[in-house]
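# Results of the structural survey
The chain contents come next:
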Amino acid sequence: MTHAFDRLPFKPADILLPQNCDLALWSVVACDQYTSQPEYWQRVEDRVGKNPSALRLILPESCLDGPSVETDIMEINNTMTRYLRGGIFAEHPQSLFYVERALSSGAVRRGLIGMVDLDAYDYEPGASSPIRATEDTVLSRIPPRVRVRKNAPLELPHVLLLANDPQKTVIEPLSGQTGEMLPLYDFELMEGGGRIRGWKLNDAQLDQVAAALTALAQQSEMLLAVGDGNHSLACAKACYERRKGLTRPEQWPNLPSRYALAELGNLHDEGLKFEPIHRLLTNLEPRQLLDSLLAAYPGAFEGEGEGEGHVLRYLHGYTEGAVTIPQPRCQLPVGTLQGFLDRWLEEHRDASIDYIHGENVARQLAARPRALAFFLDPMEKEHLFPTVIQDGKLPRKTFSMGEAQDKRFYLEARKIRV
């Protein structure tokens, strides 16, 4: 490992990159997207066919509770082993990749692919670690992911970490240095995902990044925040802690599972947009939930006019309206709404909630029978680090880094078992 990174929680990694295959068919979107749109994953399935693909190495979140999940996980692990033995991957030891993602909007988001030290990450509220979660971690969502990862020989990341780098010292300088890097890939992503280009940093550029990250670490108690994939990183942490319990302490520093592959971005990248995550409730009577919402907050009212406080816009079928919550206790409307929904769903177990990226999609799904959508406004990016440092976390699913098609696509991999 490059010596300059020894004290940093983000480091170069032995990165695996698929070779001698069609990368446009290999690369698929993060597994936690399109959970209410199975037709999306069916189109991807039809498109990939029998070609080598990351689709064979992941389990879409919508399948986590499926009847064949254990068989699916076993097949994923077997395919990982087959790909490793079949020479699908080329390894790039101790590397950082610089990537430019041209999004569906035309904006470009820049990042670095490396690995994060899980000993420096804590998802508990009030954590003081250099890397922290930005939202509540739902503990019940970790065990299903652990089942997928615990015996897997490989990881494919969709985690996006954020640095608070307003002076743009870490990643942005690399954009003018690609001529000195090794080109790795340049292709169109499927299903409107935009275009991805990647390069491998040289030794001088590695030292440049290490120096910039070191300087940034000296300016704040929190170096990195988890922007996307918090539950996936929490799963990696759980698997690492499990592995520690099976090995001697002197072996812990060298466990492959101590690290997790991730992409690092800059919170202040112009190509990074915070989008709201809307709530979709299904298998319920919308009017019943709305009446409960009004009763839960004294002074709440519903109507065409919107008052002072938190305004929660909704749609069910062709009925659109808003509920205003005066003098809310939470700082953000998403906190007011999510707190109520969590309590209501505990009492109405037949109903379900999903988190939807894109208002148009939420509107389409809310038009179905026994469905109701709540629409939220985007959060200002500049509030992220101060809020996490001061308050410990944001309400669950407060923001999304782009629309669903702009999420990270699986491409790179890393061995997590010896």
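Quantities reported herein were computed from a predicted structural model and do not represent experimental measurements.

Here the focus is the packing of aromatic side chains. The full count for this structure, using the stated rule, is eight aromatic pairs. Ring centres 3.7 Å apart and planes at 5° place the aromatic pair Tyr34 and Tyr40 in the stacked group. According to the relative accessible area criterion, Tyr40 is buried, its value standing at 3%. Ring centres of Tyr40 and Trp41 lie 5.5 Å apart, and the angle between their planes is 80°; on these two criteria the pair is classed as edge-to-face. For the pair shown, Tyr40 and Trp41 are each scored as buried. Counting every residue linked through ring pairs, the aromatic cluster contains Trp26, Tyr83 and Phe89. The positively charged end of Lys244 is found above the aromatic ring belonging to Trp252, 4.7 Å away from the centroid. The ring of Phe375 carries Arg363 above its face, with NZ or CZ at 4.8 Å from the centroid.

This paragraph deals with the pattern of salt bridges. This model, assessed by the stated rule, comprises 28 salt bridges. Close ionic contact of Arg132 with Glu221 constitutes a salt bridge, the shortest N to O distance being 3.2 Å. Of this pair, Arg132 sits in strand S7 (residues 131-132) while Glu221 sits in the loop between helix H5 (203-217) and strand S12 (224-228); the two residues are 89 residues apart in sequence, bridging distant segments of the chain. On the basis of relative accessible area, Arg132 is assigned to the buried category, the value being 4%.

Another point: the side chain of Gln205. Structurally, Gln205 can be placed in helix H5. For Gln205, the contacting residues outside a window of four places in its chain are Leu174, Gln177, Glu180 and Met181.

So, about the sheet that holds strand S17 (residues 310-316). Reading across from one edge, S16-S18-S17-S20-S15-S19 is the order of the six strands in this open sheet, with antiparallel pairing throughout. With one partner strand each, in any of the chains shown, strand S16 (301-302) and strand S19 (352-357) form the two edges of the open sheet. The strands touched by helix H7 (residues 286-296) are strand S15 (277-282), S16, S17, strand S18 (319-325) and strand S20 (371-375); relative to S20, the strand with the most contacts, the crossing angle is about 45°. Contacts from helix H8 (residues 333-347) reach S15, S17, S18, S19 and S20, with the element oriented near 20° to S15.

Before going further, it helps to examine helix H4 (residues 142-149). With six of eight residues buried, H4 lies mostly within the body of the structure. Where H4 is concerned, the buried positions are Ile142, Pro144, Arg145, Val146, Val148 and Arg149. Next to the buried residues of H4 lie helix H3 (69-85), strand S8 (154-155), helix H6 (230-244) and strand S13 (259-266).

Moving on: helix H2 (residues 38-48). For H2, the full list of buried residues reads Tyr40, Trp41, Val44 and Val48. All buried residues of H2 project into a common sector of 90° when viewed along the axis, lining one side. Turned more than 90 degrees away from the buried face of H2 sit Pro38 and Asp46, all of them exposed. Those residues of H2 hidden inside the fold are in contact with helix H1 (23-26).

Right, let's get into the nonpolar core. The nonpolar side chains of soluble globular proteins are, as a tendency, buried together. Of all hydrophobic cores here, the largest spans 50 residues; its most connected members are Trp26, Val28, Phe89, Leu156, Tyr185, Phe187 and Tyr410. Only strand S2 (13-18), H1, H2, H3, strand S4 (97-102), strand S5 (108-117), strand S10 (182-188) and S13 provide two or more residues apiece to this core. The element that contributes the greatest number of residues to this core is H3, accounting for five residues. Residues contacting Phe187, with those up to four places away along its chain left out, are Leu23, Ala24, Ser27, Gly194, Arg195, Ile196 and Leu411.

Moving on, we get to the environment of Met80. Tracing the backbone shows Met80 in helix H3. Placed 24 residues apart in sequence, Met80 and Arg56 show a C-alpha to C-alpha distance of 8.2 Å. Apart from residues no more than four positions distant in its own chain, Met80 is found in contact with Leu57, Ala152, Pro153, Leu154 and Leu156.

Moving on, we come to the side chain of Arg279. Within the secondary structure, Arg279 sits in strand S15. Nearest to the buried, unbridged Arg279 among oppositely charged side chains is Glu135, at 7.1 Å. For Arg279, the side chain forms a polar contact with the side chain of Gln338, separated by 2.9 Å. Within the structure, Arg279 has its side chain in polar contact with the backbone oxygen of Lys397 (distance 2.8 Å).

Cut-offs and rules
- Residues numbered from 1 in each chain as written.
- Predicted model: local features only at pLDDT ≥ 70, side-chain atom pairs only at ≥ 80, totals over all residues.
- Heavy atoms only, no water.
- Phe/Tyr/Trp six-rings, centres within 6.5 Å; stacked < 30°, edge-to-face > 60°.
- Buried < 20%, exposed > 50% of the residue type's maximum accessible area, 1.4 Å probe, protein only.
- Lys NZ or Arg CZ within 6 Å of the ring centre and 35° of its normal.
- Salt bridge = Lys/Arg side-chain N within 4 Å of Asp/Glu carboxyl O.
- Helix = DSSP H or I, 4+ residues; strand = E, 2+ residues; numbered from the N terminus.
- Contact = heavy atoms within 4.5 Å.
- Pairing = 2+ DSSP bridges.
- Axes fitted to C-alpha atoms, helices over the stretch in contact; angles between N-to-C directions.
- Arc of directions from axis to C-beta.
- Core = buried A, V, L, I, M, F, W, Y, C linked by side-chain atoms within 4.5 Å.
- Lys, Arg positive; Asp, Glu negative; His and termini not counted.
- Polar contact = N/O pair within 3.5 Å; in protein donor to acceptor, adjacent residues only side chain to side chain.

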